[in-house]
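# What the coordinates show
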Amino acid sequence: MSEQDFVRSVTRHLDAGLDDLPPSVLYRLRAARDTALAHTQEHQGFPGSADEGAAGRPGSVVRRRVLAPVAVLLLVAIGMLFWQQQTRQVAPTQYADFADVDAEVLTDDLPVVAYLDPGFEIWLYHHSAATAED
Amino acid sequence: MAQTWSQLTPEQQRILAPLKEDWPNIEPPRRKKWVEVTGRYPTMTREQQERLQTRMRQWSALSPQERAQVRERYRMLQEMPPERRDEIRRKWQEYDSLTEEEKDSLRQAHPRTPPPKP
């Protein structure tokens, strides 16, 4: 008997014995299979089926789908925090600046009414237009 | 802590009298600035003092929107070249020397803005 004939004979014998396996052996085989599958899924980090897992790293796709919005949200949150901090820092300065403007406006050569007089606006406009024509 | 009107010295109250009614509505940083102005007041000429008093009376009569407009235009003026600022001041002198009738006719020629308060 050649080596190949021997392998075929053993395979036939094993296949024939599959139907006669005792329940305890069947239980251990099923438990081992489940453990192996669970280990594979855990390793991929994807809670889907074994077929999906075999289709080409779907776990990484899902990770991207979940992580991308989270990253965007984080960036937005950081941006808002930065903006709020900037606003808190700038606002008092601007406020003090406005206070300066009030005192400056009232001590300037140009009176307050000049800024609000529509007649002066027209006067200035005509003067500028006349200057531009010259 | 912002200074209330009663916390001002009698001299400060005298100088800032045109702003008395408006004082509770003036924001703390601006009150502080006005108090600083009272410190400079004695060093001003009589003419400057009178001008400031007139301006404060005009200022207190303005609405918040008008004050905002004045501040905005003042800022714009400060951003102009010095020669343009001088020119605008000179033009104001010319405009101010017009009769009230002449000023009114110019005001009426303005497309949007209503005439200012007398």
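For the structure, see preceding data.
Residues numbered from 1 in each chain as written. Chains lettered and ligands numbered in written order. Predicted model: local features only at pLDDT ≥ 70, side-chain atom pairs only at ≥ 80, totals over all residues. Heavy atoms only, no water.

Taken as a whole and judged by the stated rule, the model has six aromatic pairs over all chains. Ring geometry for W5 of chain B versus W23 of chain B: centroids 5.7 Å apart, planes at 70 degrees, classification edge-to-face. Pair noted here: W5 of chain B is in the segment before helix 1 (10–15) and W23 of chain B is in the loop between helix 1 and helix 2 (28–40), with a separation of 18 residues, a long-range link. Exposure remark for W5 of chain B: the relative accessible area of 15% places this residue in the buried category. Members of the aromatic cluster, each reached through a chain of ring pairs, are F120 and W123 of chain A together with W92 and Y95 of chain B. (Phe/Tyr/Trp six-rings, centres within 6.5 Å; stacked < 30°, edge-to-face > 60°. Helix = DSSP H or I, 4+ residues; strand = E, 2+ residues; numbered from the N terminus. Buried < 20%, exposed > 50% of the residue type's maximum accessible area, 1.4 Å probe, protein only.)

With that settled, consider the interface of chain A and chain B. Chain A puts 31 residues into the contact, and the matching count from chain B is 41 residues. A buried area of about 3,900 Å², summed over both sides, lies between chain A and chain B, and 66% of it is on carbon and sulfur atoms. Three residues, L106, Y115 and W123 of chain A, lead the burial of chain A against chain B; their summed loss comes to 18% of the area buried on that side. At the boundary of chain A and chain B, one finds four salt bridges. Our count for the chain A to chain B interface comes out at eleven residue pairs in polar contact (both at pLDDT 80 or more). The set of elements that each furnish at least two residues to the side of chain A that touches chain B consists of helix 4 (58–107), helix 5 (112–116) and helix 6 (118–133) of chain A. In terms of residue count, helix 4 of chain A provides more of the side of chain A that touches chain B than any other element does, twelve residues in total. Within the side of chain A that touches chain B, the residues separate by chemical class into 19 nonpolar, four polar and eight charged. (Contact = heavy atoms within 4.5 Å. Buried area = accessible area lost by both parts, 1.4 Å probe. Salt bridge = Lys/Arg side-chain N within 4 Å of Asp/Glu carboxyl O. Polar contact = N/O pair within 3.5 Å; in protein donor to acceptor, adjacent residues only side chain to side chain. Nonpolar A, V, L, I, M, F, W, Y, C, P; charged D, E, K, R; others polar.)

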